[in-house]
Each structure stands twice: as structure tokens, then as C-alpha cells.
Amino acid sequence: MAFTSLQLHPSLLRALKELGYTRPTPIQTDSIPPALAGRDVLACAMTGSGKTAAFVLPILHKLMDKPRGKTRALVITPTRELAAQIVEAINSLAVHTPLSGASVYGGVGMGPQEHAFRSGVDIIVATPGRLLDHFRMPYAKLDALEFLVFDEADRMLDMGFLPDIRRIIKHVPAKRQTLFFSATMPPPIAQLTREMLKNPVTINVERQAAPATGITQAVYPVGQELKSALLLALLKRGDMKEALVFTRTKHRANRLAEYLVKAGISAERIHGNRSQSARTAALAGFKDGTYRVLVATDIAARGIDVEALGHVVNLDVPAVPEDYIHRVGRTARAELKGEAYTFVAPDEESDLRAIEKAISKRLPRVTVPDFDYSAKPAGRLEIPIGERIAKIRAEKAGQRARAAEKAKRRDGGGPARPAASGSSSSGSSRRGSRGGGRSR
Ligand code: AMP
């Protein structure tokens, strides 16, 4: 099927042609016609399926004939990265139209976002928390809203956004068209769809989520402490030109990026403790090839869309099968080929089995022929939290002992505490004035 048979506006068809999209993906074929016809849509679609264009195209088409200056569509999405990416998709699909989109998410100033509300930008793409912040302000009225989209709803549930979503619904008109996308359909999400959608067209709902076809998946059994060395070996052998690498924690992401940079591999990291500008710069650098490796934690990586990304590496086995499917979906997007490697330490075998059960497939085990599996580990990626706390405590105790010792020496060997406080004249005068205040 060609895009032309979907009856989309010629300006949109022109943009699609320039973007090199020749045929609609299955989710686009299934959801664009009912969405154009004004129906609510409930779609089980995972990232990489082309779901963004599946909701953006019908909305843009329907907004073409409407007067401008009022926000008519709101897209709610779990992460900042995903929001930024959806706005990017809107603006590139709308390039030959007067329409545009703006993002609303935390970690950046409210000013430009307030302007987007006040000027009535056509489409707002928002994360739940920041959107609710704006809703407290009088300018954030969405009375003219006609389209509401939920993207990656199951992820919003995982991130604890369900109560926020229910609050958001109270701020938008009841008479609207709702398009709802979720990779999986856990019971709370199914309940939400029953409350929010009117007689929806359901697409692919029965299908068990599975990674896109075109992905070669493999498991690399390796001891926990040799994982970074194995990754380095695969990069050095040229098995991977570039890779998006997932780690379980922010700390591990930092340590791994440091390790790779020390070994001469250009690498950056993206996780929740980094500022929005650092995250954006890291992603841009990875996209333009400045960095060969982008190390990410799950949440931060939602929605990372790197065209033709060849490799995804799970340095740690994801604890939940859905996370595996999402992560692996970063590669082989829109039916390209990709490879997903998962490093499995002996204590992660049971999590791996749960994943294999969910995708109904046993993944092949791969041993790298010239890698020394019995090598002495270069160092641990992560010091266990107990050890880290003990180290900090020991350092603090040392500092206190040194300070006491110093004070003792300064006061000629007298008791450390009274002499130290008595030696500060400003300290004693402060105490004096506070004492006076209390006695009044
Ligand atoms: P999504 O699932 O929306 O995150 O899209 C995944 C990727 O597929 C994005 O990089 C899109 O630019 C790309 N894409 C979406 N629709 C098509 C299409 N019909 N043909 C080729 N690529 C597409």
C-alpha cells in the first residue's frame, strides 16, 4: 500500500516523500483511516513501529482546515526525550504546512512553554508533571482541544503517572477524539482505556508484545566483573560500529562511560541525574557520530530514536521483560536490521528466562572466541551501596579526628571543643545576641 491511498493532505504527502517514507508501516495502515474518520483508536504498538506518525499524520491532516491560534491537540508522553522527539516528528511532517508543535516538560524554563500556551500552538506534547504545573496557571486553558493522544501509556503506568493522567483528563474537554498507544496492556491500562475511550477501534490488542522483526538477538554469558571488558572487546574487534548500551543504574552508566573513554572509545551517558542540556547534547553527539557509544539507564532512554541504530547492548539483564522489548526496540526501527546483545551474569539467568518466556523464544548463547573469560577483572563498575556508605563514614570520621587534633594543637593541648568555640569572637557575639533575644 502507498501513502497516497490514505487520502492525506498533499502537503503531508510531500513531506513523507522527502523523509523517504514510501509505504505506511502496519500500525499506520491500521490506525490512520479510523483516526481520519474521527474514531477513537486504541493501539498496541511498540516503539519502532512508526506509531508517532500513526497519530501525528491524521491530526495534522484534520488541523489543516481549522483556524489557527488555539491548541487543538495534546500529546501526553512519559519522558522528556520522547516529547522532544515527537515534536521533532511533528515539525518535520508539518514542514509544508503552517502547523507546528511545542514541547512541555520539566528541567527547562517555564517561559517558552507559557508562550506556547498563550499563543495557542497547534499541538502541545507534554510530560504529565510539568503539564500539571502549567494547569495551575490561568493561561493554561485547553478549551479548544479536539485531539488527545496518550503515547507509551504502559510506561506512564510504570513511572507512577496514572494519578497525574486522571488529573490531566479533568482539564481537557470531554468532547474530543482520543488516540491511545501502549506497547502492552496491563489491567490498570485496560481499565483506563475503558474510562477514556469511546467505542474505540482496537488495533493489535491481542498480540503479545515482541521485539520487531529484523532484530538479531543474542545472549553473551559473562561474569559480572568482566562485562565492561567484554563490551570493550566487541567494540575493538569492530563487531559494533556504534552502540546504545543500557545499564541498570546511573552509577554504572557513569562508571562504564568513564571506562570506555579511558580505553579510547568516545562515549557519553544519559540518565536522570544529568541536566536536560547535558542529556540533549549527549544524544545529539551520539546521533551525529561524535560518540560511538551512548550509555543509558532505562527511563532516560525512553524514546531515544537514532535512525539506523545497529546495536543495542544490555549490559545488565532488564528485570522486567517489557523493558527488554522496549530496549531492543531501539534498534531495527521501521523495519531496518539491527542487533541486540544481552550480557548475562550467572545471577541474572532467572531474569533472562522470564524474558525468553515472554518472547516465546530461546535466545542463542554466544561465546567470543578470543576473549579471556578467566581474566582478572579490571575493576568493579559498581561498588555495592553498603561498601560505599562505609567508605564515606570512614572518611568523615577521619575528617572529624583531624579537625579535633588541629584544634587541640592550636589551643596548646587543652580540650578541643570548648577552646575551639571560644576562639571565635563572631561566634560568641552571635550567641550573645540570641541569648538576649530569648530572655526578652
Ligand atoms: P516510532 O515508532 O514512531 O518511534 O518510529 C520509528 C522510526 O520509524 C522513526 O525513526 C521514524 O522516522 C521511522 N518511520 C516512521 N514511519 C515510517 C515509514 N512509513 N517508513 C519509514 N520509516 C518510518
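The model shown is predicted, which means the values in this text are computed figures rather than measured ones. (Residues numbered from 1 in each chain as written. Predicted model: local features only at pLDDT ≥ 70, side-chain atom pairs only at ≥ 80, totals over all residues. Heavy atoms only, no water.)

Things to note about the packing of helix α10 (residues 227-236) against helix α11 (residues 250-262)
Piece 1. Between α10 and α11, whose axes approach to 11 Å, the crossing angle comes to 45 degrees. Of the possible angle classes, the one that applies to α10 and α11 is oblique. Pair α10 / α11 crosses with right-handed handedness. Contacts from Lys227, Ser228, Ala229, Leu231, Leu232 and Leu235 in α10 reach Arg252, Leu256, Tyr259 and Leu260 in α11.
Piece 2. Broken down by class, the residue content of the contact of α10 with α11 amounts to seven nonpolar, one polar and two charged. (Axes fitted to C-alpha atoms, helices over the stretch in contact; angles between N-to-C directions. Helix = DSSP H or I, 4+ residues; strand = E, 2+ residues; numbered from the N terminus. Parallel < 35°, antiparallel > 145°, perpendicular 65-115°, else oblique. Left-handed = near helix turned anticlockwise from the far one by under 90°. Contact = heavy atoms within 4.5 Å. Nonpolar A, V, L, I, M, F, W, Y, C, P; charged D, E, K, R; others polar.)

Quick word on the confidence of the model for the protein chain
Regions with low pLDDT should not have their predicted coordinates read in detail.
Piece 1. Scored by pLDDT, the protein chain comes out at a mean of 84, with 84% of its residues at no less than 70.
Piece 2. Considering only residues more than four positions removed or in separate chains, one finds that residues 205-209, a stretch of pLDDT under 50, has nine contacts. (pLDDT = per-residue confidence, 0-100.)

Side note on the sheet that holds strand β1 (residues 41-44)
Piece 1. As summarised here, the arrangement of the seven strands in space is β3-β4-β2-β5-β6-β1-β7, forming an open sheet in which the pairing is parallel. Since the sheet does not close on itself, it has two edges, and those belong to β3 (101-104) and β7 (201-203), each with one partner. In this sheet, neighbouring strand axes are inclined to one another by 15 degrees on average, regardless of whether the strands run parallel or antiparallel.
Piece 2. Of the strand pairs in this sheet, β1 and strand β6 (residues 177-182) are connected by four bridges, and their pairing is parallel. For Leu42, the partnering residue across the bridge sits in β6 and is Phe180. (Pairing = 2+ DSSP bridges.)

Side note on the packing of helix α8 (residues 162-169) against helix α9 (residues 187-196)
Piece 1. Between α8 and α9, whose axes approach to 12 Å, the crossing angle comes to 5 degrees. What the angle tells us is that α8 and α9 run roughly parallel. From α8, Leu162, Ile165, Arg166 and Ile169 reach across to α9, where they touch Pro188, Ile189, Leu192, Glu195 and Met196.

Digging into the side chain of Gln28
Piece 1. Tracing the sequence through the fold places Gln28 in helix α2 (residues 26-36).
Piece 2. Of the polar contacts made by the side chain of Gln28, one reaches the backbone oxygen of Gly50; its length is 2.9 Å.
Piece 3. Residue contacts for Gln28: discarding those within four places in its chain leaves Phe3, Arg23, Pro33, Gly50, Ala53 and Ala54. (Polar contact = N/O pair within 3.5 Å; in protein donor to acceptor, adjacent residues only side chain to side chain.)

Examining the nonpolar core
Piece 1. Leu8, Leu57, Leu60, Ile123 and Phe181 are the most contacted members of the largest nonpolar core, which totals 40 residues.
Piece 2. It is helix α3 (residues 51-63) that provides the largest number of residues to this core, a total of eight residues.
Piece 3. If near-sequence neighbours (up to four positions away) are discounted, Ile123 is found in contact with Ile59, Leu60, Leu63, Ala73, Val75, Ile90, Ser100, Gly101 and Ala102.
Piece 4. Leu74, Ile76, Leu145 and Phe180 belong to the second-largest nonpolar core, a separate cluster that totals 31 residues. (Core = buried A, V, L, I, M, F, W, Y, C linked by side-chain atoms within 4.5 Å. Buried < 20%, exposed > 50% of the residue type's maximum accessible area, 1.4 Å probe, protein only.)

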